[in-house]
Amino acid sequence: MAATLRIQSDWSRALSRDEGEAWLSCRSPGKPTLYGSVTRRGLRSQGVPDIVASEGFLVGEVTKKSILISCPHENVSTKFLAPYTTFSRIHQKSITCLDISSGGGLGVSTSTDGTMKIWQAANGEIRRLLEGHVYDVNCCRFFPSGLVVLSGGMDAQLKIWSAEDASCVVTFKGHKGGILDTAIVDRGRNVLSCSRDGTARLWDCGKSACLGVIADCGSPINGIAVGTADDSLNLGTPEKPPSEREIGTEGKILLLAREDKKLQGVGLQSRQPVFLFVGSDAFNCCTFLSSTYILAGTQDGNIYQLDVRNTNTPIQVIHRSGAPVLSLLPYRDGFIASQGN
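Residues numbered from 1 in each chain as written. Predicted model: local features only at pLDDT ≥ 70, side-chain atom pairs only at ≥ 80, totals over all residues. Heavy atoms only, no water.

Per an unreviewed UniProt entry, the protein chain goes by PAAF1 factor and derives from Grallaria varia. Its UniProt record gives the protein chain a comment under Sequence similarities (unreviewed entry), which states: "Belongs to the WD repeat PAAF1/RPN14 family." (UniProt positions renumbered as here; feature names shortened; annotations may be inferred.)

Below is the structure:
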């Protein structure tokens, strides 16, 4: 397990003035944590900050928006990036979920302050307040059109909202526990949800109806992802012909990140199990890198990369820290992971 180098979260603000200081820590499993600091002494040429580190740490390349720091004792280095911009007035407490519209113009987010809001991605200006869930809203995402929002809450309700006037146009009821994640099939005629009740369900947006229970795991499902399966993968055959209201489910596989340490693949149209992988701890999230490769993150900080054609052995297991892996997002030739530290 690799050592983890950290810098306090508001480091860019701390180092924005002369003599500004930010705190460092380097943690390696089974060893005492090393602590230090970085201090700004002024400006170099071209307006780049002159930054030095305390004993045990080294400062590498510094730009106006990034800083490379290493800890030679643990042979670890990390590049820290400053925020491009910060919106501090949208929510009053922690943000639990957010999404950006396909065009990049709007953002939607939920928070432990009990609100769900739509805002301008360019300047953080709040456009709409989406009110209607009882208790906390756990997840939110835009439909591909960017004009409609899907949300799920602890009230076991799934809701569809107009981003233009904040009206709730559809409410789905059927889950017996809080909804923890959602997914959209193709353009959004059908959507998916998973819940603390251990089920994943497929919904028909046009008829406001449940088209079926895709999986019933007997354990909370913390995250889901839907993707097109590799042609060589056997997705199973439906026990009965699918409803004509099912749009775009053929050839799709649904990933289930389960609380009982299992990552499961299910044929979306067939409802048949495709694979079952047992990890080191509860799975919190999952995503597709391609039709062949998938990622899943656990509560104890592991990120598993798997080949859906053979899930017996992971391609790799990445462990940067013991903090829970909370979300995963494909990005260019790699991915972005967020952790609870």
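So that's the structure; there's more coming.
**Student:** Let's hear about the pairing of strand E22 (residues 262-267): which residues, and what values?
**Tutor:** Counted residue by residue, E22 has five buried out of six residues, so it is predominantly covered. Linking two consecutive strands that pair antiparallel, namely strand E21 (residues 252-258) and E22, is a turn of three residues; a positive phi of about 70° is found at Lys-261 within it. The pairing of E22 with strand E23 (residues 273-278) spans five bridges and is antiparallel. Residue pairing in the sheet places Leu-263 in a bridge with Phe-277 of E23. Two successive antiparallel strands, E22 and E23, enclose a turn made up of five residues, where Arg-271 displays a positive phi of approximately 65°. (Buried < 20%, exposed > 50% of the residue type's maximum accessible area, 1.4 Å probe, protein only. Helix = DSSP H or I, 4+ residues; strand = E, 2+ residues; numbered from the N terminus. Pairing = 2+ DSSP bridges.)

**Student:** Explain the UniProt feature "repeat: WD" (unreviewed entry) in the protein chain residue by residue, including any values.
**Tutor:** Under the local residue numbering, the UniProt record ascribes the feature "repeat: WD" (unreviewed entry) to residues 88-129, 130-171 and 172-204. With 0% helix and 50% strand, the stretch residues 88-129 has end C-alpha atoms that lie 16 Å from each other. Annotated as residues 172-204, this span is 0% helix and 64% strand, and its ends, taken at the C-alpha atoms, are 9 Å apart.

**Student:** Outline the pattern of salt bridges, listing residues and values.
**Tutor:** Tallied over the entire structure, the rule returns 11 salt bridges. The salt bridge partner of Asp-18 is Arg-40, with a shortest N-O separation of 3.3 Å. Taken together, the residues Asp-18 in the loop between helix H1 (11-14) and strand E2 (21-27) and Arg-40 in strand E3 (residues 34-43) connect sequence positions 22 residues apart. Among the residues examined, Asp-18 registers a relative accessible area of 46% and is labelled partly exposed. (Salt bridge = Lys/Arg side-chain N within 4 Å of Asp/Glu carboxyl O.)

**Student:** Requested: an account of the domain arrangement of the protein chain, with residues and values cited.
**Tutor:** According to the domain assignment, the protein chain consists of domain 1 (4-81), domain 2 (90-173) and domain 3 (179-340). With centres defined by C-alpha atoms, the gap from domain 2 to domain 3 works out at 22 Å. Taken residue by residue, the interface counts 18 residues in domain 2 and 17 residues in domain 3. Summing both partners gives a buried area of about 1,400 Å² for domain 2 against domain 3, and 70% of it is carried by carbon and sulfur. Counting the contacts that link domain 2 with domain 3 gives one salt bridge. A salt bridge links Asp-181 to Arg-141, with the shortest nitrogen-to-oxygen separation between them at 3.5 Å. Of all the secondary structure elements, the ones that give two or more residues to the side of domain 2 that touches domain 3 are strand E12 (137-142), strand E13 (148-153), strand E14 (157-162) and strand E15 (168-173). Looking at the side of domain 2 that touches domain 3 residue by residue, the classes come out as 11 nonpolar, five polar and two charged. (Domains from an automatic or database assignment. Contact = heavy atoms within 4.5 Å. Buried area = accessible area lost by both parts, 1.4 Å probe. Nonpolar A, V, L, I, M, F, W, Y, C, P; charged D, E, K, R; others polar.)

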